[in-house]
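# Structural overview
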Amino acid sequence: MVAEPDSALHVDAARPSRREQILQAAARLFAERGSRSVGVDDVGAAVGVTGPAIYRHFASKDAMLAEMLLRISERLLAGAEQVVAEAGADPADQLAALVAFQVDFALDNPALITVQDRDLGQLSEDDARQVRRLQRRYVEQWVAVLAALHPEASTADCRARAHALFGLINSTPHSAGRLSRSATAALLTTMATAAATG
């Protein structure tokens, strides 16, 4: 089953709260126009409320962006930790689980991938520090698995390989709709696995 687009912001994707609906609408608008070109009134209109009603949930547009990026960073880290633990001790199985997880996340959350890539620099220093700390921990999940697969490689090499894999997988917002979701997932999985193990 394919998740509703950008449902990683929801605790319960089947019944998102108003706050989560606002975040999802903001993610779509930020991805389309950039966070600086979207107003609070635009987000309100997208969820059928007045702009001022947004302030019951968020102090500002910047607060929306910060929560959005913090939530997805937390979701990525927790998901990686879970799939690696469930995969067992074999690093090849761990890699397969990580690739499948990242591919699903990228395909199910195209707006969030775009916003994370483009608008991280718009966060306040404190919020950016929190997001980067979570992102580093996520990267280290991959680095540990890649190091086990390539014991001759340095940590720096494994980290560079991990970032290259993210670039490959997270390119999906630029190619969305050209293939079916299942074909895209299969292609990304094959390419990422080859890049990770080659």
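Residues numbered from 1 in each chain as written. Predicted model: local features only at pLDDT ≥ 70, side-chain atom pairs only at ≥ 80, totals over all residues. Heavy atoms only, no water.

## Here we look at the overall build of the chain
A count of helices and strands for the chain gives 10 helices and 0 strands. In the chain, the succession of α and β elements from N to C terminus is α-α-α-α-α-α-α-α-α-α. On C-alpha atoms alone, the chain measures out to a radius of gyration of 17 Å, which is about the 16 Å that the 2.2 N^0.38 rule sets for 198 residues. With respect to the three principal axes, the spread of C-alpha positions in the chain is 55 × 40 × 25 Å. When the 198 residues of the chain are sorted by exposure, 45% land in the buried category. Taking contacts inside the chain between residues at least 6 apart in sequence as the whole, the part at least 24 apart equals 68%. Looking at the chain as shown, the accessible area adds up to about 9800 Å², and 53% of this sits on carbon and sulfur atoms. Positive and negative charge centroids in the chain, built from 20 and 24 side chains respectively, lie 5 Å apart. (Helix = DSSP H or I, 4+ residues; strand = E, 2+ residues; numbered from the N terminus. Rg over C-alpha atoms; globule rule 2.2 N^0.38 Å. Buried < 20%, exposed > 50% of the residue type's maximum accessible area, 1.4 Å probe, protein only. Contact = heavy atoms within 4.5 Å. Areas by Shrake-Rupley, 256 points an atom, 1.4 Å probe, with all protein chains shown as cover. Lys, Arg positive; Asp, Glu negative; His and termini not counted. Charge placed at Lys NZ, Arg CZ, Asp CG, Glu CD.)

## Details of the packing of aromatic side chains
Tallying each qualifying case throughout the model produces 4 aromatic pairs. Judged by centre distance (6.5 Å) and plane angle (45°), the ring pair of F101 and F105 falls under tilted. Of this pair, F101 and F105 both sit in helix α5 (residues 91-108), 4 residues apart, which is roughly one turn of the helix. A relative accessible area of 17% means that F101 is categorised as buried. (Phe/Tyr/Trp six-rings, centres within 6.5 Å; stacked < 30°, edge-to-face > 60°.)

## Topic: helix α6 (residues 110-119)
Since the α-helix turns once every 3.6 residues, residues separated by three or four places project in the same direction. Counting buried positions over the 10 residues of α6 gives 7, a clear majority of the element. Those residues of α6 that fall on the buried side of the exposure criterion are A111, L112, I113, T114, V115, Q116 and D119. On its buried face, α6 sits against α1 (18-33), α4 (61-87), α5, α7 (125-149) and α9 (172-175).

## Observations regarding the pattern of salt bridges
Inspection of every chain in the model, using the stated rule, returns 12 salt bridges. Of the charged contacts, one joins D42 and R33 as a salt bridge, the two residues approaching to 3.4 Å between their closest N and O atoms. A relative accessible area of 31% means that D42 is categorised as partly exposed. Residues E140 and R159 are paired through a salt bridge, measuring 2.9 Å at the closest nitrogen-oxygen approach. Highlighted residues: E140 in helix α7 and R159 in helix α8 (residues 155-169), separated in sequence by 19 residues. E140 gets classed as partly exposed once you look at its relative accessible area, which sits at 33%. Taking relative accessible area as the criterion, R159 reaches 31% and is therefore assigned partly exposed. Overlapping salt bridges bring together R19, E20, E67 and R71 as one network. (Salt bridge = Lys/Arg side-chain N within 4 Å of Asp/Glu carboxyl O.)

## Observations concerning the nonpolar core
Counting residues in hydrophobic clusters, the biggest one holds 61 residues, and the most contacted among them are V43, M64, M68, L69, L123 and W142. Broken down by secondary-structure element, the contributors of at least two residues to this core are α1, α2 (40-47), α4, α5, α6, α7, α8 and α10 (181-197). Examining the composition of this core, we find that 12 residues originate from one element, α4, more than from any other. The contacts of L69, once residues within four sequence positions are left out, are V115, Q116, D119, L120, L123 and V131. (Core = buried A, V, L, I, M, F, W, Y, C linked by side-chain atoms within 4.5 Å.)

## Quick look at the packing of α4 against α5
At a minimum axis distance of 8 Å, the contact between α4 and α5 shows a crossing angle of 150°. When the interaxial angle is binned, α4 and α5 end up roughly antiparallel. Helix-helix and strand crossings are classified by hand; for α4 and α5 the assignment is right-handed. Contacts between α4 and α5 involve I72, R75, L76, G79, A80, V83, V84 and A87 from the former and D93, Q94, A97, L98, F101, Q102 and F105 from the latter. The class makeup of the residues in the contact of α4 with α5 is 10 nonpolar, 3 polar and 2 charged. (Axes fitted to C-alpha atoms, helices over the stretch in contact; angles between N-to-C directions. Parallel < 35°, antiparallel > 145°, perpendicular 65-115°, else oblique. Left-handed = near helix turned anticlockwise from the far one by under 90°. Nonpolar A, V, L, I, M, F, W, Y, C, P; charged D, E, K, R; others polar.)

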